[in-house]
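# What the coordinates show
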Amino acid sequence: MVQQLAALLAALSLGAGASVPLSGNAATFAALLEETNAAHAKIDAPRADLDRYRYDFQNGKPLFTLEDGKRIRAFDQNNLDLHDPLPADEARAEVGWVMRLLRSQYGLYTWSGGDAAFDKAEKEILAALPETGTIALTDYKALMIRHLSFIGDTHFSFDGHNFQPDIQLFADESRAYYRKNGTFYIDAACTDAVRAIDGQAPETYLKRAIGQNGELTYYLYRLAPRAEALEMKVETAGGTFTAKLHLAISLDSRTAPEENYVYSVRGGIPFMELNRTVFGEDDQSGWSNQHDEDDKQAFLASAEAIKEYPAAVLDLSHNPGGNGDLPPEWFYRYTGEQAQPNYCTLRIRASDTWLRSCYGAENEEQCAEIRAQTDAYHAAGGLRVDGDYYVGAPEPQFLEQPDRVLFVLTARHTASAAEAFTDLMHNLQNVVTIGANTGGVLTNGANYGISLPYSGLFFQFGECLFYWDPAYFQEGAGMTPDVYLTGDRLNERLELFLTRYAGMQSKK
């Protein structure tokens, strides 16, 4: 079977003009690769003017000060010395402190509505706070969360509450659909054509999926706000019926592994299970539980190891993110090319005030030294200095990989740096993403975590705007897989798929 996949890839690499007869599973899989390659080749960072998302630091409203910086309790991942109840004057002072910080250092400040939106929130919070006495910390937290809820940024966190749009994936795997010559049908004989689903073209909701026996088929999927279930009207040539969709069960429903990284070869196919995008010993991060130099190096070594095989699997379905430098480093080792992400970047360049408050600089000379190091780091990542910001506009990239297929497994828990990894994999020929929509956690980063000066509550925010084509990625909705895999018996159906189409050797 592995030899059959290699032969199929060789046949496809000859081009459309070659006479290579394909039938059955080979023809089906060839069509999948041709469609996904064509779709991935069109993915690119949008060409847009991001200047409208810059803040005018010179002429805008009051910014974060050195005195504000001195009040940061700690750069810590946990709440520190909580004040409960919180004196009213301290609560009111902290609101102003948070707003100055966001105006100065929050990457999505202007994207989220700028002064108009945040001034409105500040006024509403202050109006609801008592002027004297105290307020329970839970009430203070609830006020902040409620009035900042217009922020759609999952990396933004107030005492553990993430501001993620509540978008869920719904599915109906009870009925398979079929496609022939661009038309969808409800029967395998392709006699009863689907005309519309909830008034929309069928392809809006009918997506390629792995069926109950590992076959490629089509199921009904929809992204929508959280609910117990959805109903959709399906109109066919022969009549109308109601499809009932449930919250999709995806690959991250499997037992979460404890290891950061596991490499194995199953049935002749290497599996790279990267469950955390780990940091190495020299990587800068406060996430100490994600530091493991051995795991990092083992994963990087897989970039060379998998080249011996015509197919490999990269499992990111349990990966919540972490080290954003790891995906491009693996990509470079695998391809020999610098990675070009499919989003543009506008990132705040730290002021002297922030360098003194956050990085410990004590004078102008130290500020200049730290800034030079930071500029060089970002330049290596493809960002250039442009006034108060770093700017990145990657070049289009789609690299040939004619002799290998890579399957990338994704799910709701595929987030942040793992989504950035998924994005980079779309720049390679013969890559097929399988599973469910990613988490949608990459319009910003999680650059800083601090304990607030008066309440002590943990506050996390980022200094970036990652600008995507909304048809490709949206916060909360993530990226759509090429092939859905949801429902029950997920491991079994994945192995049946790989056996059928990718040459995985059956255990039987």
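The structure under discussion appears in the preceding block.
Per chain, residues are indexed from 1 in the order of the written sequence. Residue-level local features of this predicted model are given only where pLDDT is at least 70; pairs of side-chain atoms are given and counted only at 80 or more, and the full residue set underlies all totals for whole chains, interfaces and linings. Excluded from the side-chain calculations are hydrogens and water; all other atoms, namely the structure's heavy atoms, are used.

With respect to the secondary-structure elements, Gln 474 resides in the loop between strand S22 (464-467) and strand S23 (483-484). Counting along the chain gives 35 residues from Gln 474 to Gly 439, while the straight-line C-alpha distance between them is 9.4 Å. A distance of 3.1 Å separates a polar side-chain atom of Gln 474 from the backbone oxygen of Pro 470. Helix numbering and strand numbering both begin at the N terminus, where a helix is a DSSP run of H or I of at least 4 residues and a strand a DSSP run of E of at least 2. Whenever two N or O atoms come within 3.5 Å, that pair is a polar contact, provided that in protein one can donate a hydrogen and the other can accept it, and provided that, for residues adjacent in sequence, both atoms are side-chain atoms.

Attention now goes to the layout of surface pockets. Detection works on a 1 Å grid of protein atoms alone, calling trapped sets that fit a 1.4 Å probe cavities and calling open sets with protein on both sides within 12 Å along at least five of seven lines pockets, with lining residues defined by an atom within 4 Å of a point. Grid points are joined across faces, edges and corners, and a volume is the space filled by probe spheres set on the points. For the second largest pocket, the calculated volume is near 980 Å³. Taken together, 36 residues make up the lining of the second largest pocket; nearest its centre are Lys 207, Ala 471, Thr 480, Pro 481 and Asp 482. Elements that contribute at least two residues to the lining of the second largest pocket include exactly helix H2 (24-41), strand S5 (167-180), strand S8 (206-210), strand S9 (216-225) and S23. Broken down by element, the residue count for the lining of the second largest pocket peaks at 5 residues, all from H2.

Time to look at the sheet that holds strand S4 (residues 161-163). Here the rule is simple: two strands pair whenever DSSP picks up at least two bridges between them. One open sheet accounts for 4 strands, arranged S4-S3-S21-S20; its pairing is antiparallel. One side of each edge strand has no neighbouring strand; the edge strands of this open sheet are S4 and strand S20 (448-451). Taking the axes of each pair of neighbouring strands and ignoring which way they run, one obtains an average angle of 25° across the sheet. With respect to the sheet, helix H4 (residues 88-105) is in contact with strand S3 (153-158), S20 and strand S21 (458-461), its orientation differing from that of S21 by roughly 20°. Strands in contact with helix H6 (residues 137-147) are S3 and S4; relative to S3, the strand with the most contacts, it is inclined by about 155°. Axis definition: a line fitted to C-alpha atoms, limited for helices to the stretch in contact. Angles are taken between N-to-C directions and run from 0 to 180 degrees. Note on contacts: a residue pair is in contact if any heavy atoms of the two residues lie within 4.5 Å.

On to empty space enclosed by the protein, then. Taken as a whole and judged by the stated rule, the model has 2 cavities of 30 Å³ or more. By volume, the largest cavity amounts to about 60 Å³. Around the largest cavity sit Tyr 53, Tyr 55, Phe 57, Arg 103, Tyr 106, Gly 107, Tyr 109, Thr 110, Ile 348 and Tyr 389, which together line it. Gly falls in the polar group here, along with every residue not listed as nonpolar (Ala, Val, Leu, Ile, Met, Phe, Trp, Tyr, Cys, Pro) or charged (Asp, Glu, Lys, Arg). Looking at side-chain class alone, the lining of the largest cavity contains 7 nonpolar, 2 polar and 1 charged residues. Its volume calculated, the second largest cavity comes out at about 30 Å³. Together, Thr 410, Thr 422, His 426, Thr 433, Thr 438, Met 479, Thr 480 and Pro 481 line the second largest cavity. In terms of residue class, the lining of the second largest cavity is made up of 2 nonpolar, 6 polar and no charged.

Turning next to H6. Of all the residues in H6, the buried ones are Leu 137, Tyr 140, Leu 143, Met 144, Ile 145 and His 147. Considering only its buried residues, H6 is in contact with strand S1 (86-87), H4, helix H5 (114-128), strand S2 (134-135), S3 and S4. A simple rule labels every residue: compare its accessible area, found with a 1.4 Å probe on the protein chains alone, to the largest value its type can have, and call it buried under 20%, exposed over 50%, or partly exposed in between.

Of the consecutive residues Asp 84 and Pro 85, the connecting peptide bond is found in the cis state with omega at 5°. Looking at the secondary structure, you find Pro 85 in the loop between helix H3 (66-70) and S1. With a phi angle near 55°, Cys 190 is a residue other than glycine that sits in the positive phi range. Topologically, Cys 190 is positioned in the loop between strand S6 (183-185) and strand S7 (194-197). Notably, Asn 430 is not glycine yet its phi reads approximately 60°, a positive angle. Looking at the secondary structure, you find Asn 430 in the loop between helix H11 (417-425) and strand S19 (431-435). Using a relative accessible area of 4% as the deciding quantity, one classes Asn 430 as buried.

Judged by nonpolar contacts, the single largest core of 55 residues is most densely connected at Tyr 140 and Phe 459. Sort the elements by how many residues they give to this core and H4 lands first, with 7 residues. Counting 27 residues, the second-largest nonpolar core is a separate cluster that includes Leu 32, Ile 210, Leu 251 and Ile 269. Only buried Ala, Val, Leu, Ile, Met, Phe, Trp, Tyr and Cys residues count toward a nonpolar core, and they belong to the same one when joined by side-chain atoms within 4.5 Å.

Between 30 and 60 degrees the pair is tilted, below 30 it is stacked and above 60 it is edge-to-face, where a pair is any two Phe, Tyr or Trp rings, Trp via its six-membered ring, whose centres lie within 6.5 Å. This structure, assessed with the given rule, holds 34 aromatic pairs. Taking the centre distance of 6.1 Å and the plane angle of 85° together, the rings of Trp 111 and Tyr 467 count as edge-to-face. Taken together, the positions of Trp 111 in the loop between H4 and H5 and Tyr 467 in strand S22 put the pair 356 residues apart, joining distant regions of the chain. The exposure class assigned to Tyr 467 is buried, which follows from its relative accessible area of 15%. Between Phe 158 and Phe 459, the aromatic rings sit 6.0 Å apart at their centres with planes inclined by 70°, giving edge-to-face as the arrangement. With Phe 158 in strand S3 and Phe 459 in strand S21, this residue pair connects regions lying 301 residues apart in the sequence.

On to the state of the cysteines. Criterion for a disulfide: a pair of cysteine sulfur atoms within 2.5 Å. For the coordinates displayed, the defined rule picks out 0 disulfides. Looking at the unpaired Cys 344, the closest cysteine sulfur is the one in Cys 464, lying at 13 Å. Take Cys 344: its relative accessible area is 4%, and that puts it in the buried class.

This paragraph deals with the pattern of salt bridges. The salt bridge criterion pairs a side-chain nitrogen of Lys or Arg with a carboxyl oxygen of Asp or Glu, the two atoms within 4 Å. Taken as a whole, this structure holds 24 salt bridges when the rule is applied. The partner of Lys 70 in a salt bridge is Glu 67, with the nearest N and O atoms 3.1 Å apart. Note that Lys 70 and Glu 67 are positioned in helix H3 at a spacing of 3 residues, about one turn of the helix. Of the two residues, Lys 70 and Glu 67, both sit in the exposed class. When the shortest N-O distance is used, the salt bridge between Arg 100 and Asp 68 registers 2.9 Å. Placement of Arg 100 in helix H4 and of Asp 68 in helix H3 is noted, with a sequence separation of 32 residues between them. Each of Asp 51, Arg 54, Arg 384 and Asp 386 takes part in salt bridges that share partners, so that together they form one network.

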